Amino acid sequence: MTPEPAAIDITVMDHLLSRLRGLGVRHLFGMAGDYNLAVLDRVLLHPGVDWVGTASELGAAYAADAYGRTRGFGALLTTFGVGELSAINGVAGGYAERVPLLHIAVGPTEPSERAKLVVHHTMGDGDFDRFARAHRHVVCADAVLRRDNAVAEIDRVLTTCLRESRPGYLRVPRDVALSPAPPLGPLPDPVGPVDQDDLDAFRSAARARLATAGSVAVLADFLVDRFGAREELAALLSAGSFPHATLATGKTVVDESAPGFLGVYAGAMSGKRVRSAIDDADLLIRAGVLLADITTGKFTHGFDPKEGIDLGPTVATVDGTAFDVPLAAALTVLTELVGGRPPAAAPTAAPASPRPAAPVRPSAAVPGLVRDSAQTLRRRLCPPKFFPLTQSYLWEAVGAAVRPNYTVVSDDGTCLLGIVEQRFPRGARFLAQPFWASIGYALPALLATQLADPSRRGLLLIGDGAAQPTVQELGTIGRHRLKPIIILVDNDGYTVERVTHGLVAEYNEIARWRWSRVPDALGVDHPLVLTARTPGALDQALARATATTDRLVLIRARTAKIDVPPPFVRLTVNRPDRARWVA
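In this text the structure is predicted, and so the values were computed from the model without any measurement.

(A) Looking closely at the pattern of salt bridges. What the rule picks out here adds up to 35 salt bridges. Ionic pairing is found between R146 and E113, a salt bridge with its closest N-O pair at 2.9 Å. Here R146, found in the loop between strand 5 (141-144) and helix 7 (150-164), pairs with E113, found in helix 5 (residues 110-114); they are 33 residues apart in sequence, far enough to count as distant. Close ionic contact of K298 with D293 constitutes a salt bridge, the shortest N to O distance being 3.3 Å. A network of salt bridges, in which partner residues are shared, links E110, E113, D129, R146, R147, R171 and D175.

Have a look at this one:
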C-alpha cells in the first residue's frame, strides 16, 4: 500500500493526488506556471505520484490520454488560462475516444476572483470561469473547487470519469488546493448493478437470434478496452470459435495470433477475406464498435448497423431492440448461449504474402499517380533489396519486427494505414488515435506508454509531417532515459493528404528537417540513428534496432512522396467514385 500523507497535513491537493494514485496513476504530466508552482511542491512531496514536466501543455494532454489507455486513468496539471487552453485539444481527443483522464487547471486565488482583479492569463474582464466553460464541451464532468466542497466535487468528477470513460476537468484556485482536507474515505462505486429483468430479456432475444443464424462473425473495437471487457470478449471467441476481426481503433483488443482472427476490417480498404467474412455473415456480433469514416473506409462497410447483435458500453441491441445491459455482462450472456452451439469452422488461413520485390505504386484510380514505367528494367538490373524503399515493403517489415513485449504507437496517415493490417504476435499492444486523428499525438503518447509500463518496449511509427508539431517531447523522452525504437517515415510532407487532394499543392509541403541530427539537438543521450532508403537497409536497421536495448533508436525511413500503403490503394480500386477520399 502506498502511504498517505500524515492526516494532520492533508491538503486538497494531497487528497486529489491520493485519489489518482488509487486509480493507478503514478505519473502526473504537465507544465509549471506561476499559478501552480506552490501546488507542484505538494506534488513533489507526494510518495505515490511522480511529476513529469513536458515541453508543452498539448504534449502533456496527449501523454495523459495515452497513459489512461495504458493504465486505466491519466492526469495532467496545467496553469490557468494559457496552459489549459493549450491542452484542450488533447483533452478533446480523450473525450472523442472515451479515455478516462483528469485535467487539473490551477489558477488565481479566491480573493482575486471575488475582487475581479485584472490579472495575467485572463481576458481582463474579471470572468474567471470562461475557460472552465470552454472545457465543459469536451469533458463529462467539471467543477470549480471551493473550500467547502472540494473533496466532494473531486470524488464526483472522478466517479463520473470512471463511469463514462471520458475526461473530467477541475479548476482549482491555488489557495483552495493548499487548504486543509479531511482524511480519505472510500471512493463511491461508479457502476451500479445490472438490472436482472433487462438481462433476462436480452438473453431471450439473443438466444432466438443465434438459433436462426447460419454463420456468425464477431467485429470488435476499442470500447471493449475502455469498458474493461477484454476477458469477456476472449471468452466469447473461445466458446464460439467464431471468425472475428477488429477495426483499426480496436487493433490488439483480441489475440491476433489466434486461428479465428481475420485481420483488421475497414470496409473497402479491407482485404477480400476479412471483408467477405464480416459483410456476408448471417449474424454479425459487434462488441464495442464505433463506426467512423477513417475506420470503415469512408463508410464503405457492407453490413447493416441496424441488424445483428450490437453491444455498446451500456446498451445491447438485437436487431434494433435495445436492452439496458452493459458490455461485459452482455458478452458473458452470449458466451453462455454459444457454449452449446457446434463450433464454427475456423477460417482458412490466408497465405503469407511475400514482400514485394519492386516498388508498389498506387492505382491509377488515384488522380495524378501512374505506375512506374521503369519497373521491369530495374528488376533486371539490380536485386530487390536495392530497389527504393516502398510503403508496402516498409510496413510488412515493421510488422514482422514487432515482438510480444512491444507497445506499438502509431500516428495518423500512412503509418496508421500501413501498420493496421500487419498481424502482431500475442502479447503485443497497439495504441493510436484514429478517430480524433490529431497529428503529433503519437510522440507524447510514446512517452506515456513507456512510463506507464516500463516492462514493455515502445515502437513509435510517425511521419515527418506528424512529428514536427510535438517533436520537442523527444527531449522529454531522452530526459527520462527511455529507450524506444522510433521509425520516422520521411516522405517530404503530408502524403495521404496529397493523394486525397492537392497532389502538388503548397499546403501539403513542410520544411525539410535534418532528422538524423534532431535527437542529439533535443538532448537525447547517445542515440542510435539509422537511415533506410532501400529494403535491404531497412532490414538491417530493424535487426540492429531490435538488438539495441540500451539507448533510443531512430530509424529514418525514406519513401517516395506519393507512395501510399496498400489499404489506401484498395479503397480507390474498390470505390473509384471515392478516389479522392474527401470528407
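(B) Seen up close, the packing of aromatic side chains. Counted by the stated rule, this structure contains nine aromatic pairs. Taking the centre distance of 4.9 Å and the plane angle of 35° together, the rings of W513 and W515 count as tilted. You can call W513 partly exposed: its relative accessible area is 29%. Owing to a relative accessible area of 4%, W515 belongs among the buried residues under this scheme. Put simply, the rings of Y35, F80, F128 and F131 pair up and form one aromatic cluster. One residue, R166, lies across the ring of Y95, its end atom 4.0 Å from the ring centre.

(C) Layout of the nonpolar core. Of all hydrophobic cores here, the largest spans 80 residues; its most connected members are M13, L20, F29, L102, I104, L145 and L170. Examining the composition of this core, we find that eight residues originate from one element, helix 17 (residues 442-452), more than from any other. Ranked by size, the runner-up nonpolar core spans 37 residues in total, among them L236, L311, L327 and A330.

(D) Region of the structure containing the side chain of R19. Among the structural elements, R19 can be located in helix 1 (residues 12-22). Leave out the neighbours within four places in its chain, and R19 touches D155, L158, L184, G185, P186 and L187.

(E) The sheet that holds strand 18 (residues 528-532), seen in detail. Strands sit in the order 15-14-16-17-19-18 across an open sheet of six strands; the sheet is parallel. Lying at the two open borders of the sheet, with one neighbouring strand each, are strand 15 (429-431) and strand 18. Averaged over all neighbouring strand pairs, the angle between strand axes comes to 15°, with direction disregarded. Across three bridges, strand 14 (residues 406-410) lies against strand 15 in parallel orientation. In the sheet register, V409 faces strand 15, and the bridge partner there is L431. Where helix 17 meets the sheet, its contacts fall on strand 14, strand 15, strand 16 (457-463) and strand 17 (485-490), and the angle it forms with strand 16 comes to roughly 175°.

(F) Spotlight on the packing of helix 3 (residues 57-71) against helix 4 (residues 82-96). At their nearest, the axes of helix 3 and helix 4 sit 7 Å apart, and the two run at 25° to each other. Judged by the angle between their axes, helix 3 and helix 4 are roughly parallel. The element helix 3 and its partner helix 4 pack so that their crossing is right-handed. Side by side, helix 3 and helix 4 meet where E57, L58, A61, Y62 and D65 of the first sit next to G83, S86, A87, N89, G90, V91, G93 and G94 of the second. Residue composition of the contact of helix 3 with helix 4, grouped by class: five nonpolar, six polar and two charged.

(G) Representation of helix 4 in the model. With 15 residues, helix 4 extends 23 Å from end C-alpha to end C-alpha; this agrees with the ideal 21 Å at 1.5 Å per step. Its maximal kink placed at I88, helix 4 deviates by approximately 40°. Turning to helix 4, its buried residues number three or more, namely G83, E84, A87, G90, V91, A92, G93, G94 and A96. Of the residues flanking the end of helix 4, it is R98, one or two places downstream, whose phi is positive at about 60°.

About the cut-offs
- Every residue gets a number counted from 1 within its own chain, in the order that chain's sequence is written.
- Totals for whole chains, interfaces and linings use all residues, but because this is a predicted model, local features are given only for residues with pLDDT of at least 70 and pairs of side-chain atoms are given and counted only at 80 or more.
- Based on all heavy atoms of the structure, the side-chain values leave hydrogens and waters out of the count.
- A carboxyl oxygen of Asp or Glu within 4 Å of a side-chain nitrogen of Lys or Arg is what we treat as a salt bridge.
- Numbering of helices and strands runs from the N terminus; a helix is a DSSP stretch of H or I covering at least four residues, while a strand is a stretch of E covering at least two.
- Any Phe, Tyr or Trp ring, taking Trp's six-membered ring, that has another such ring centre within 6.5 Å forms a pair; planes under 30 degrees apart are called stacked, those over 60 apart edge-to-face, and the others tilted.
- Here's how the labels work: a residue is buried when its accessible area is under 20% of the maximum for its type, exposed when over 50%, partly exposed in between, all with a 1.4 Å probe on protein chains only.
- Each ring is checked for a lysine NZ or an arginine CZ that lies within 6 Å of its centre and within 35 degrees of its normal; such an atom marks a charge sitting over the ring.
- What we call a nonpolar core is a set of buried Ala, Val, Leu, Ile, Met, Phe, Trp, Tyr and Cys residues that are connected through their side-chain atoms within 4.5 Å.
- In what follows, residue pairs with any heavy atoms lying within 4.5 Å of each other are defined as contacts.
- Here the rule is simple: two strands pair whenever DSSP picks up at least two bridges between them.
- For every element, the axis is a line fit to its C-alpha atoms; helices are fit only across the contacting stretch, and the angle between N-to-C directions ranges from 0 to 180 degrees.
- In this scheme, roughly parallel covers angles under 35 degrees and roughly antiparallel covers those over 145, while 65 to 115 is roughly perpendicular and the rest are oblique.
- The crossing is said to be left-handed when, going from far helix to near helix, the turn is anticlockwise and less than a right angle, and right-handed when the turn is clockwise.
- Ten residues, namely Ala, Val, Leu, Ile, Met, Phe, Trp, Tyr, Cys and Pro, are considered nonpolar, four, namely Asp, Glu, Lys and Arg, are considered charged, and the remaining ones, Gly among them, are considered polar.
- In a helix, the anticipated span is given by 1.5 Å times the number of residues less one.
- Bending is quantified residue by residue as the angle between axes fitted to the seven-residue window ending at that residue and the seven-residue window starting at it.

Fair warning: the whole summary comes from geometry, so function is off the table for now.
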